[in-house]
Amino acid sequence: MMYNIDINKMNQLMRENETARDIINQLLENQHSMVSTIAHEVRNPLTLIFSSLQVMQVQHPEVKEFPHWSQTLSDVEFTCQLLNELSALNNGNSLNYSVFSISRLLKNIAVSFAISLDSQNNSIEFTSSIPEDLDDFTGDKIKLEEVFLNLLKNARDAVGDSGRISLCVSQSEDSLIILVNDNGCGIPQDHLEDIFEPFKTYKTDGTGLGLALAKRIVESHGGSLSVSSIENTGSTFTVKLPR
Ligand SMILES: Nc1ncnc2c1ncn2[C@@H]1O[C@H](COP(=O)(O)OP(=O)(O)OP(=O)(O)O)[C@@H](O)[C@H]1O
Ligand SMILES: [Mg+2]
């Protein structure tokens, strides 16, 4: 895994030496296509296995009583999800640009999120504040949607069965600022340094790719993703996107 310090050294080498730049670019391209190929090739048969297991369960409901059946199903489902997120992370830098209403996108996300909370039996209070008059935005709509869903999903995990989550949007002269706030478990100081690293998770069922992917997507739009958090009090994730 490459950390910021290595990336800085690599960037410096690329600036100073043209041959090194070409070789590193080639290696990065190879790495990108290798990750895509492996994720794709493993995901296909695994998705088939998952579908077959589901069909078996429908046709023979008694299998649900077998020891380890449900664990096997959820392990296979988790691995499919992991491969999906790995592909998404790998493609986080390649954006499909379009011009769209960011107010509408964020409102739709807020409505879907509120519905998903309502369908679960909990007492989480969700509020959103999204101005109507935001300028149209140029960016990758689907990838940005993924960013906000990941942040909201983390907030939902952090509050447990009761708590408050908010999504607040504002714009300054040069940026659009989106805050996702929760009053959940918060993040210990020593975790704050590594939660944006791929595969870093402190959950038993997490892949640890959500924030790495969100950061990559936001930075590909020329923006930034930051966090402030106090353990046992709550967290605020701030997405800043250039207008
Ligand atoms: N709102 C939050 N409150 C508390 N901790 C958080 C919050 N958001 C992220 N974290 C911490 O950051 C870690 C990394 O988050 P990330 O979204 O990358 O992965 P994950 O949520 O663990 O897994 P996945 O996103 O695949 O479900 C989490 O495991 C959790 O410890
Ligand atoms: Mg997550």
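The structure under discussion appears in the preceding block.
Fair warning: this is a prediction, and the values are worked out from it, not measured in the lab. (Residues numbered from 1 in each chain as written. Chains lettered and ligands numbered in written order. Predicted model: local features only at pLDDT ≥ 70, side-chain atom pairs only at ≥ 80, totals over all residues. Heavy atoms only, no water.)

Draft legend 1. Quick look at the site of ligand 1. Contacts to ligand 1 come from 21 residues, most closely from N154, T201, K203, T207 and L211. Here an oxygen atom of ligand 1 and a backbone polar atom of G208 are 3.2 Å apart. At 2.8 Å, a backbone N or O of L211 approaches an oxygen atom of ligand 1. Notes on ligand 1: free accessible area 590 Å², of which the protein chains cover 95%. (Near = heavy atom within 4 Å. Polar contact = N/O pair within 3.5 Å; in protein donor to acceptor, adjacent residues only side chain to side chain. Areas by Shrake-Rupley, 256 points an atom, 1.4 Å probe, with all protein chains shown as cover.)

Draft legend 2. The arrangement of the nonpolar core in detail. Among the nonpolar cores identified, the biggest contains 42 residues, and I178 and V239 are the most heavily contacted of them. Of all the elements in the fold, those that place two or more residues in this core are α4 (102-119), β2 (123-129), α5 (141-159), β4 (162-171), β5 (175-182), α7 (210-220) and β7 (234-242). Core analysis: the next-biggest nonpolar cluster, separate from the first, contains 10 residues, L46, F50, L53 and V63 among them. (Core = buried A, V, L, I, M, F, W, Y, C linked by side-chain atoms within 4.5 Å. Buried < 20%, exposed > 50% of the residue type's maximum accessible area, 1.4 Å probe, protein only. Helix = DSSP H or I, 4+ residues; strand = E, 2+ residues; numbered from the N terminus.)

Draft legend 3. Here's a closer look at the sheet that holds β7. Ordered in space as β2-β4-β5-β7-β6, the five strands form an open sheet in which the pairing is mixed. Each end of this open sheet is capped by a strand with a single partner; those strands are β2 and β6 (224-230). Pairwise comparison of adjacent strand axes, ignoring direction, gives a mean angle of 10° for this sheet. Where β6 and β7 come together, seven bridges link them in antiparallel fashion. Residue S224 lies in a different strand from β7, and its bridge partner there is K240. In the packing of α7 onto the sheet, contacts are made with β6 and β7, and the angle to β6 comes to roughly 140°. (Pairing = 2+ DSSP bridges. Axes fitted to C-alpha atoms, helices over the stretch in contact; angles between N-to-C directions. Contact = heavy atoms within 4.5 Å.)

Draft legend 4. Broad picture of the pattern of salt bridges. Summed over all chains, the structure comprises six salt bridges. D194 serves as the salt-bridge partner of K200, at 3.9 Å between the closest nitrogen and oxygen. On the basis of relative accessible area, K200 is assigned to the partly exposed category, the value being 34%. (Salt bridge = Lys/Arg side-chain N within 4 Å of Asp/Glu carboxyl O.)

Draft legend 5. Up close: unusual backbone geometry. Notably, H68 is not glycine yet its phi reads approximately 70°, a positive angle. Phi at N232 is positive, roughly 65°, even though this residue is not glycine. Turning to its location among the elements, N232 is positioned in the loop between β6 and β7.

Draft legend 6. Here's a closer look at the side chain of S103. Within the secondary structure, S103 sits in helix α4. Within the local environment of S103, its side chain forms a polar contact with the backbone oxygen of P131, the two atoms lying 3.2 Å apart. In terms of polar contacts, S103 uses its side chain to reach the backbone carbonyl oxygen of E132, at 3.4 Å. When near neighbours in sequence (up to four residues on either side) are disregarded, S103 contacts I130, P131, E132 and L134.

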